[in-house]
Structure formats: C-alpha cells, structure tokens
Amino acid sequence: MLKTNLAFFKLEFNQAIQYRASALVGVLTQIAWGLMYIFLYSSFMNNSVGSTDMTIEQMSTYIWLQQGFLMLINIWRIDPKIFSDIKTGNVSMQLVRPIKLYKMWYYSVLGNKVARTLLRCIPLLIFASLPFLGQMRFMFQTDPFLLTTSIVSLVLTCLMNVAYTLIVIDLVFITHDETTIRQVFNIILQFLSGLIIPLQFMPEWLLSILKFTPFYYSTNLSFNIYSGYYNDPKEILIGIGIQLLWLIGFLVLGNVLLKTKMKRVTVLGG
Amino acid sequence: MVRLYFKYLGMMIKSQLEYRKTFLLLVCSQMLSSFTCLAAIFFMFDKFGNINGYKFEEVIICFIVSFFAFSIVECLFRGLDKFEDIISDGTFDRILTRPRPILFQVVSSKIEISKIGRMLLSIVALIAVLANQPQLLQWDKLLTIFNMILGTCILYSSIFIVRAGICFYTTQGLEIMNIFTDGVRDLTQYPLDIYGETIKKIFTFVIPAALVNYYPFVYLIGRDTNIINMFCPLFVVILLIPSLIFWKIGVRKYRSVGS
C-alpha cells in the first residue's frame, strides 16, 4: 500500500523536477520580491515612531524563508491536474482503481510541492546568504535545538499545508466551483498565516485570536523558530504539539469530506 | 471602432452574467483579497505610527491610486495579460485575418468584468479618504489624483504590451515579468522614496513609476508646491512609444504555433 502511494509521490516529483529553467527564472523573481519586502519593512522598522520586538536580521531571515519555501506554502500554484480531472470527469478513472483516492491525491500534491520547493529554495537561500546583503541576509541558525525543532516544525507545516490543499480539493469536488474556492481559501491562508505581512506586525488583539487557529502554528511557527524569534524551549515544544493536533484535524476533516462526497458522486463530462 | 468595442464589452458582460452566482462569488473574493491588502497596510501603520514621516492618511492615497489603476487595466486589458493563451491556442492566427487593428482585437477579445470587485473597493476607499480630508477637495489636488490614476493606467498598459510582446519570442508567459506588473503594483502602494535613493532613481529613469507615484504625491501632501509635479504623471505617455514599437516588431516576427 505504502509502495503504491510512494509511486505517486515519485511520479509527481519526477514530473515537477523537469522544469529547471522556469524554476531558475522563478528564483530571480522571488529574489526581487524578497528584497522589496525587506526594504519596505526595514524602512518601517528604522524610520518610524512605533517599534517591534523583531530585529532586522530576524525579519530578513523570515522573508527569505518565506520566499524560499513559497511553493510549499502557496496553495495557488499547485499542479492543476487534479482540478482538471474533476472538471473533465477523468476523476472517474481514478475512482475505479483499487486505491484510496485521498491518499493518492495527498502523495501527488506532496511530491509536486517538494520537487518545486527543492528546485527553488536552494539557489534562493544561497543567494540570500551572500555577505554583501549585510543585515538583510539570510542567517544561519547555529543553535542545535532551534535548528532541529524548526526543521521538525517545517515538515509538519508542509504536511499540514498539503492536508489543507486536500480540503480545498474536496470542496471543489463537492461544489464544482474551482476559481472561487481556491481564491478564497488562498486569501485566508495567506493573510492569517502571515504571508502578506508577518504576524508580528499585526495588532495584539488579532494575534490573541489567531492563537486559536491553525494558521498561527504553520509557517509563522517554523520560520520564527529558525530565525530565533521564538526561543523559549517550552513554548516551542507546546507549539509543535498543537501543530501536530491541527495536522490530525485537517487529515480527518479532509477524509470525512471526501467520504460524504463518495456516497453520491456526480461526475462531470463524458 | 469605439462602437465595436462597446459591442464586445456588452457581449462579455452578458456572457459573464449568465453564471450569476459564480460571478457574484468571484467579485466577493476579489473584494476580500483587496480588503486583506488594505488591512495589512492599516496594521503596519497601527504598529509603527508612520514611515519616513508619512502618515497613514497620506500613504493610503498612493495605495488607492495604485490599486484602482491596476484593477482598471486588469479588467480591460485581460487579453494582453493572458496573451500566451491567445498565441498557443491559435486565436492569434484568426485575429490576423481580420481587417481591424491587431492590438485592438487582442485587447477587446477578453474583458474580465469580475475584476470590478477590486475597483469597487478602491472607489469606496477613495471616497472615504476624500471625505475625511477636506484639504484634498481643491481642484488642483483633485486634478493631481486624476492625473496619477491616468498616468498609472498608462504605465501599466505599456508594461502589459511589452509583456505580451515577449510572448512572440517565448510562446510562453514569463514569470519574471511579474516583477514589472505585480511588483510595480506592490511597490507603488507606498511613496517610492521609502525604499531608498537607489530604488527611487531606478524607478524614475528606467521604469518611470516615480512619475506617477512619488512626484505627484509630494505635491498632493504639500511637501513640494512646484506645479510641474502635478502634471508629471502625464509624461509616462512617452513610454507607450517604445512599447508599441516593440509590439510591432514582435508581430512581424510571429510564427503560428496553434492549429
């Protein structure tokens, strides 16, 4: 069973890893993007009356990580093949196969995301750690505890994100309305998990609400452990625990949604 | 030609309104997306108070102008935005056989009415800003805002034309061109001098975004009363010349790919 699912992972991975030239161009775009935001936020942090407890180095590292792992956390740029399968009715081909649909989709999305991320994050982070960027460069975390926990948290973030994507796919499967659902879920994810502005720049009242949502425990947690902004070991371990709970919640929700749909499947197309 | 354009426009509106619920949902999600951007800028000022001495009430004008103009261009010039589709499915061959200007046909082939969500939100925000700041309700300030919007539209359209022109060589859209469309849109949400002197220079002389953003903006908030700042957004019209030449060369180079 696992072998079949890994095959789907490999299939998508090998397909996505082909687009090297386009990934290189993407890296250039993202470097420009990252620099723009770092300039903007450091201007805010240096030339204003208010202040934040984040340092410029931590903010820059956060932005570079966000750019480097954009393909992992963005649900807009996922391989649209699943969506077109649903639209054209090809999904019925998958339904007759003797495998679980949820797992197959999960591993395909995961493979696609991991391949795209690997292509982009390595060149981007190499550029970002060049010394000429000064304060604005991507810094290395030398503390072994913070490094390990941030990697664990990043893996969980990735799995959580794929599970979130699967919920979106389920809803598209149920409602057959692709654009709106993808757009709305993408906006919610981007804004609440700190991809438009880092959560640390948001007002306190909003943060205290967000602590009860999964969004607080995704990229915000893993990136900020790495940058050293979160450095209390107890807080970090609790955070990772909550992350794990949300991951399970997402997986269950995705499975339940798909099961209810499976009771009465309407297939589009012919 | 104007009549033909309105006929196209009417057709697009009718066809998109056929799916009324989808259309409404799309407009709402567009508004939600613009709203989060507005909230983000509000939160930043809530936290930091000001930036380079600019207040929220001042910077928000830049934001609205940038958003409003982008939504207009995105709505009306969708054909250029998605030009790689027009090339790759062979629609462009069909366009070439018709006795009407090519660029006109490309532009009128796709009009995305659902982008109106972003436009509506910008209009509401603009009215709110004007209502709260009576010092802006003078003819010269209002004219400056109008010039800024007009200039930004022209700037984006020429970037869109160049971006579409590149498709003649690559047949595929290039992600890197997003720096010049979405990137310029995001950059010009703030007065350009906050990014530092180098960036301001690049965006004055290479891509003249500062002409529609920084210079009229300082006039608007009363930091510089030189009358030339008021009209400098209109100078971006010059940018249309090289981009149209680039487009013309591209059309001559074009080789069919579709069937």
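Conventions adopted
Residues numbered from 1 in each chain as written. Chains lettered and ligands numbered in written order. Predicted model: local features only at pLDDT ≥ 70, side-chain atom pairs only at ≥ 80, totals over all residues. Heavy atoms only, no water. Helix = DSSP H or I, 4+ residues; strand = E, 2+ residues; numbered from the N terminus. Rg over C-alpha atoms; globule rule 2.2 N^0.38 Å. Core = buried A, V, L, I, M, F, W, Y, C linked by side-chain atoms within 4.5 Å. Buried < 20%, exposed > 50% of the residue type's maximum accessible area, 1.4 Å probe, protein only. Contact = heavy atoms within 4.5 Å. Expected span 1.5 Å × (residues − 1). 1 Å grid on protein atoms, 1.4 Å probe; cavity = no way out; pocket = protein on both sides within 12 Å on 5 of 7 lines; lining within 4 Å. Points joined across faces, edges and corners; volume = space filled by probe spheres on them. Nonpolar A, V, L, I, M, F, W, Y, C, P; charged D, E, K, R; others polar. Buried area = accessible area lost by both parts, 1.4 Å probe. Salt bridge = Lys/Arg side-chain N within 4 Å of Asp/Glu carboxyl O. Polar contact = N/O pair within 3.5 Å; in protein donor to acceptor, adjacent residues only side chain to side chain. Axes fitted to C-alpha atoms, helices over the stretch in contact; angles between N-to-C directions. Parallel < 35°, antiparallel > 145°, perpendicular 65-115°, else oblique. Left-handed = near helix turned anticlockwise from the far one by under 90°.

Novice: I'd like a rundown of the overall build of chain A, residues and numbers included.
Specialist: The number of helices and strands found in chain A is 12 helices and zero strands. Helices and strands in chain A line up, N terminus first, as α-α-α-α-α-α-α-α-α-α-α-α. Taken over C-alpha atoms, the radius of gyration comes to 20 Å for chain A, in line with the 18 Å a tight globule of 270 residues would show. Reported as C-alpha extents along the three principal axes, the dimensions of chain A are approximately 60 × 40 × 35 Å.

Novice: Please provide a residue-by-residue account of the nonpolar core, values included.
Specialist: Counting 155 residues, the largest nonpolar core has Trp64(A), Trp105(A), Phe83(B) and Tyr190(B) as the members making the most contacts within it. Element by element, the count of residues in this core is highest for helix H8 (residues 144-175) of chain A, at 14 residues. Other than its neighbours up to four places away in sequence, Trp64(A) contacts Ile31(A), Gly34(A), Leu35(A), Ile38(A), Leu124(A), Leu125(A), Phe127(A), Ala128(A), Leu133(A), Met136(A), Arg137(A) and Phe138(A). Listed in part, the eight residues of the second largest apolar core include Leu9(B), Phe23(B), Ile111(B) and Ile113(B).

Novice: Tell me about helix H12 (residues 233-263) of chain A, and please be specific about residues and values.
Specialist: Residues and elements named next belong to chain A. An ideal rise of 1.5 Å per residue puts 45 Å on 31 residues; H12 measures up with 46 Å between its terminal C-alpha atoms. Looking only at H12, the buried set comprises Ile236, Gly239, Ile240, Gln243, Leu247, Phe250, Gly254, Leu257, Leu258 and Lys261. On its buried face, H12 is in contact with helix H7 (101-128), H8 and helix H11 (219-227).

Novice: Give me the lowdown on empty space enclosed by the protein, citing residues and values where you can.
Specialist: This structure, assessed with the given rule, holds three cavities of 30 Å³ or more. There is about 120 Å³ of room inside the largest cavity. Forming the walls of the largest cavity are 13 residues, and the residues nearest its centre are Met160(A), Asn161(A), Leu189(A), Phe215(A) and Ser218(A). The element contributing the most residues to the lining of the largest cavity is H8(A), with four residues. Residue composition of the lining of the largest cavity, by class: eight nonpolar, five polar and no charged. Space inside the second largest cavity adds up to approximately 60 Å³. Taken together, Ser34(B), Leu38(B), Phe63(B), Ile64(B), Phe67(B), Arg118(B), Leu121(B), Ser122(B) and Ala125(B) make up the lining of the second largest cavity. If you list the elements that add at least two residues to the lining of the second largest cavity, you get helix H2 (20-48), helix H3 (56-76) and helix H8 (116-132) of chain B. The element that contributes the greatest number of residues to the lining of the second largest cavity is H8(B), accounting for four residues.

Novice: Pulling in residues and values, what's your account of the interface of chain B and chain A?
Specialist: Counting residues at the interface gives 32 residues for chain B and 39 residues for chain A. A buried area of about 3100 Å², summed over both sides, lies between chain B and chain A, and 73% of it is on carbon and sulfur atoms. Among the residues chain B hides against chain A, the three largest losses belong to Phe43(B), Lys47(B) and Phe48(B). Together they make up 23% of the total. The tally of links between chain B and chain A comes to zero salt bridges. At the boundary of chain B and chain A, one finds four residue pairs in polar contact (both at pLDDT 80 or more). For the side of chain B that touches chain A, the secondary-structure elements that each account for two or more residues are H2 and helix H10 (178-187) of chain B. Of the residues forming the side of chain B that touches chain A, the biggest block, 16 residues, is contributed by H2(B). Tallied by class, residues from the side of chain B that touches chain A come to 17 nonpolar, 10 polar and five charged.

Novice: Could you give an account of the packing of H3(B) against helix H9 (residues 139-170) of chain B, with specific residues and numbers?
Specialist: Residues and elements named next belong to chain B. At their nearest, the axes of H3 and H9 sit 9 Å apart, and the two run at 50° to each other. Considered as vectors, H3 and H9 are oriented oblique to each other. In this structure, the crossing between H3 and H9 has a hand that is right-handed. Between H3 and H9, the contacting residues are Val65, Ser66, Phe68, Ala69, Phe70, Ile72 and Val73 on the first element and Met148, Ile149, Thr152, Cys153, Tyr156, Ser157 and Phe160 on the second. Considering only residue class, the contact of H3 with H9 consists of 11 nonpolar, three polar and no charged.

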